[in-house]
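Results of the structural survey
Residues per chain are reported as follows:
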Amino acid sequence: MSTRNVLDWLEDAAENAGSSPAFDMPGQALTWRQARARAKSAGSFLAARVSRQRPVLILMEKSPDCLCAMLGAVYAGCFYTPLDSSMPENRMRLIAGTLRPGLILCEEKFADTAGRIAGDALVCGWEEIGDAADEALLSQRRKQHIDNDLLYVLFTSGSTGAPKGVSITHRSVVDFVEWACEALRLPKGPRFGSQAPFYFDNSVLDIYCAMKTHGSLHLIPKGDFMFPKRLVQRLSDEKIDTVFWVPSALTAVARAQVLAENCLPGLKRVFFCGEVMPCFTLNRWREALPDADYVNMYGPTEITDVCAWYRVDRAFADTDSLPIGFPCENTRIHLIDGEICVCGACLSPGYYNAPDKTAAAFVQNPLRPEITEIIYKTGDLGEYNGRGELMFLGRRDSQIKRSGYRIELGEVEAALNAAENVALACCYYDAEKEKIIAAYTGSAEEKALKKHLKAALPKYMLPDVILRREALPRTGSGKIDRKALRQEAEHEHLIP
Ligand code: AMP
């Protein structure tokens, strides 16, 4: 029977590779059999407290236990949302308000925070889970499952100020992972070096491809990414053979000049997704590891991580643009007025609890008016090159990527405009300097404004430069003129 639930893979791994490493990080390692047992205990605990198809919010550090908590939610017939534990509490509250979880599962150190954002939700500690599994209850939940049921909801930046919860079904993940394992030529038992936080969609490939191929997921401590030499040593020590990272992480290593020729002979697969991969970075990696397989993947959270891919098959100059290539199997891409629009089983059924936002981005395919066929408008611009490969040209709105993080400048502006004594504010992104520049009018002191922003936005969204102006430049139609603001700031040398 075809796979309808990602747990089929977990059970297969536990049965056929039970004693092989599954989830590993310094200080904690689980085999597939142990991971299944822990996930089942969590599932039994959750199923006794939450009804089917309800969200379970998870407030835990990235760890093997966190993965078991996520899979436990799935055993309970629920779906999971891992939260970035470092985001401001106000933002967590917004997310919890949209999600209305049945239960928040947290580590002890986050219990107070969880209690403050919970609303009606039960708050339980991971320590309460215990070791027991209620097989009867789990199998009852499993029987009711269909592959249209949600697996997870991941929150991304929203332009109106509130994060959007992208919901994804089992069907989409099964389809994606089956494609990925084959197209990426994953062997049995690959060793993944995991960079992506679990609240970011890139982690979906790591987790479920490792599971399906009976491989292992090695959670690389976040701090290692600040020290490229240590990071490379970690890859070597842990015999990592596969990475799927945001280009920023690969660029940091390339720029630190820690890649000597053949320095990582075990690393066979270097995959990336999430933002533009500079050919400069790619070329430094290819020089060091000429035999590795390099694949550029493209896609937003709304289409289950990846909808187009390009296996690097030729040389590129440092200044070239890398194609995003071709649609994945069972996925169709239309360029409608230059915008990349996606159609297929990978599509999210929408933003959770946000029908208006869903209706704006998931629309009827204008090329198929005869039937109901939904496409997702990515907001990305594309074109085909002479070889028929899709090229990414940028955004049609003010969404940006910084260090791999997706940021709606509109969300930053909403936070600025909500601050006390700010009359009007806006911001723009200086891609070259990788800086968000904010400008405002009003009597707010910069210090107070910064404090307000820290309480409203995750660290990676905070403006790097804040300018207080007498007035903001306007276009002929009276809108804020961000281009003119940029010119003014550059002309006056206001950006360090
Ligand atoms: P996220 O939902 O965080 O995965 O972000 C999705 C957005 O990241 C896409 O809509 C693109 O703007 C950008 N993106 C993802 N992959 C690539 C890629 N390979 N090349 C260029 N941009 C990318």
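Structural data are supplied above this passage.
All of the points below concern the structure found in this document. Just so it is clear, the structure is predicted and the values come from calculations on it, not from any experiment. (Residues numbered from 1 in each chain as written. Predicted model: local features only at pLDDT ≥ 70, side-chain atom pairs only at ≥ 80, totals over all residues. Heavy atoms only, no water.)

**A closer look at the overall build of the chain**
- Each helix and strand in the chain was counted, giving 15 helices and 26 strands.
- If one aligns the C-alpha atoms of the chain with their principal axes, the spans along those axes are about 65 × 55 × 55 Å.
- With 496 residues in all, the chain has 58% of them scored as buried.
- Accessible surface computed for the chain: about 21200 Å², of which carbon and sulfur atoms make up 49%.
- Averaging the coordinates of the 59 positive side-chain charges in the chain and doing the same for the 64 negative ones gives two points 1 Å apart. (Helix = DSSP H or I, 4+ residues; strand = E, 2+ residues; numbered from the N terminus. Buried < 20%, exposed > 50% of the residue type's maximum accessible area, 1.4 Å probe, protein only. Areas by Shrake-Rupley, 256 points an atom, 1.4 Å probe, with all protein chains shown as cover. Lys, Arg positive; Asp, Glu negative; His and termini not counted. Charge placed at Lys NZ, Arg CZ, Asp CG, Glu CD.)

**Digging into the state of the cysteines**
- Following the criterion strictly, the structure yields 0 disulfides and no others.
- There is no disulfide at Cys 328, and the cysteine sulfur nearest it, in Cys 307, is 6.4 Å away.
- Sulfur of Cys 426: no disulfide; nearest cysteine sulfur belongs to Cys 427 and is 6.7 Å away.
- For Cys 426, a relative accessible area of 0% gives the class buried. (Disulfide = S-S within 2.5 Å.)

**Overview of the environment of Gln 257**
- Its location among the elements puts Gln 257 in the loop between α10 (247–255) and β12 (269–273).
- Here Gln 257 falls in the exposed class, since its relative accessible area comes to 70%.
- In sequence terms Gln 257 and Lys 229 are 28 residues apart; their C-alpha atoms lie 8.8 Å from each other.

**A closer look at the site of the ligand**
- Close to the ligand lie 17 residues, the nearest being Met 297, Thr 301, Asp 380, Lys 401 and Arg 406.
- Between the ligand and Glu 275, the relevant distance is 3.3 Å, taken from a nitrogen atom to a main-chain nitrogen or oxygen of the residue.
- Gly 299 is positioned such that a nitrogen or oxygen atom in its backbone is 3.4 Å from an oxygen atom of the ligand.
- When residues of the shell around the ligand are traced back to their parent elements, those giving at least two are β13 (293–298) and β21 (390–395).
- If one sorts the elements of the shell around the ligand by residue count, β13 sits on top with 3 residues.
- Per-class residue counts for the shell around the ligand are 7 nonpolar, 4 polar and 6 charged. (Near = heavy atom within 4 Å. Polar contact = N/O pair within 3.5 Å; in protein donor to acceptor, adjacent residues only side chain to side chain. Nonpolar A, V, L, I, M, F, W, Y, C, P; charged D, E, K, R; others polar.)

**A word on the packing of aromatic side chains**
- All told, the structure shown has 12 aromatic pairs when counted by the stated rule.
- Judged by centre distance (6.3 Å) and plane angle (50°), the ring pair of Trp 9 and Tyr 208 falls under tilted. Residue Trp 9 is found in helix α1 (residues 7–16), and its partner Tyr 208 is found in helix α8 (residues 202–212); the two are separated by 199 residues along the sequence.
- Classification of Trp 9 by relative accessible area gives buried; the value is 6%.
- Overall, the relative accessible area of 1% leaves Tyr 208 in the buried class.
- When the ring of Tyr 405 is compared with that of Tyr 460, the centres are 3.9 Å apart and the planes differ by 5°; the resulting orientation is stacked. Here Tyr 460 lies in the loop between α14 (446–456) and β26 (465–468) and Tyr 405 lies in strand β23 (residues 405–408), a separation of 55 residues in the sequence. (Phe/Tyr/Trp six-rings, centres within 6.5 Å; stacked < 30°, edge-to-face > 60°.)

**Things to note about the sheet that holds strand β1 (residues 21–25)**
- Taken together, 9 strands build an open sheet; the order of strands is β2-β1-β10-β9-β11-β12-β13-β14-β15 and the sheet is mixed. Two strands lie at the open edges of the sheet, namely β2 (28–31) and β15 (326–327), each paired on one side alone.
- Sheet topology note: the β1/β2 ladder contains 4 bridges and is antiparallel. In the strand pairing of β2, Asp 24 is matched with Ala 29. (Pairing = 2+ DSSP bridges.)

**Some points on the pairing of strand β22 (residues 399–402)**
- Of the strand pairs in this sheet, β22 and β23 are connected by 4 bridges, and their pairing is antiparallel. The partner of Ile 400 across the bridge, within β23, is Ile 407.
- Hairpin connection of β22 to β23: 2 residues between the antiparallel strands, including Ser 403 at a positive phi of 50°.

**Description of the environment of Glu 329**
- You can see Glu 329 is positioned in the loop between β15 and β16 (331–336).
- On a C-alpha basis, the gap between Glu 329 and Cys 307 in space is 8.5 Å, while along the polypeptide they are 22 residues apart.

**A few points about the layout of surface pockets**
- Roughly 370 Å³ of internal volume is contained in the second largest pocket.
- Broken down by secondary-structure element, the contributors of at least two residues to the lining of the second largest pocket are α12 (355–361), β20 (374–384) and β23.
- The element best represented in the lining of the second largest pocket is β20, accounting for 4 residues.
- By residue class, the composition of the lining of the second largest pocket is 4 nonpolar, 6 polar and 8 charged. (1 Å grid on protein atoms, 1.4 Å probe; cavity = no way out; pocket = protein on both sides within 12 Å on 5 of 7 lines; lining within 4 Å. Points joined across faces, edges and corners; volume = space filled by probe spheres on them.)

**Quick notes on the pattern of salt bridges**
- One pass over the structure, following the stated rule, counts 32 salt bridges.
- When the shortest N-O distance is used, the salt bridge between Arg 314 and Glu 389 registers 2.8 Å. Remark: Glu 389 occurs in the loop between β20 and β21 and Arg 314 occurs in the loop between β14 (308–311) and β15; sequence separation between them is 75 residues.
- Glu 389 sits in the buried class, given a relative accessible area of 4%.
- One salt bridge in this structure joins Lys 377 and Glu 339, with 3.9 Å as the shortest N-O distance. Remark: Glu 339 occurs in strand β17 (residues 339–344) and Lys 377 occurs in strand β20; sequence separation between them is 38 residues.
- The class for Lys 377 is partly exposed, based on a relative accessible area of 32%.
- Classification of Glu 339 as buried rests on a relative accessible area of 5%.
- One salt-bridge network, held together by shared partners, links Asp 224, Arg 230, Arg 234 and Glu 238. (Salt bridge = Lys/Arg side-chain N within 4 Å of Asp/Glu carboxyl O.)

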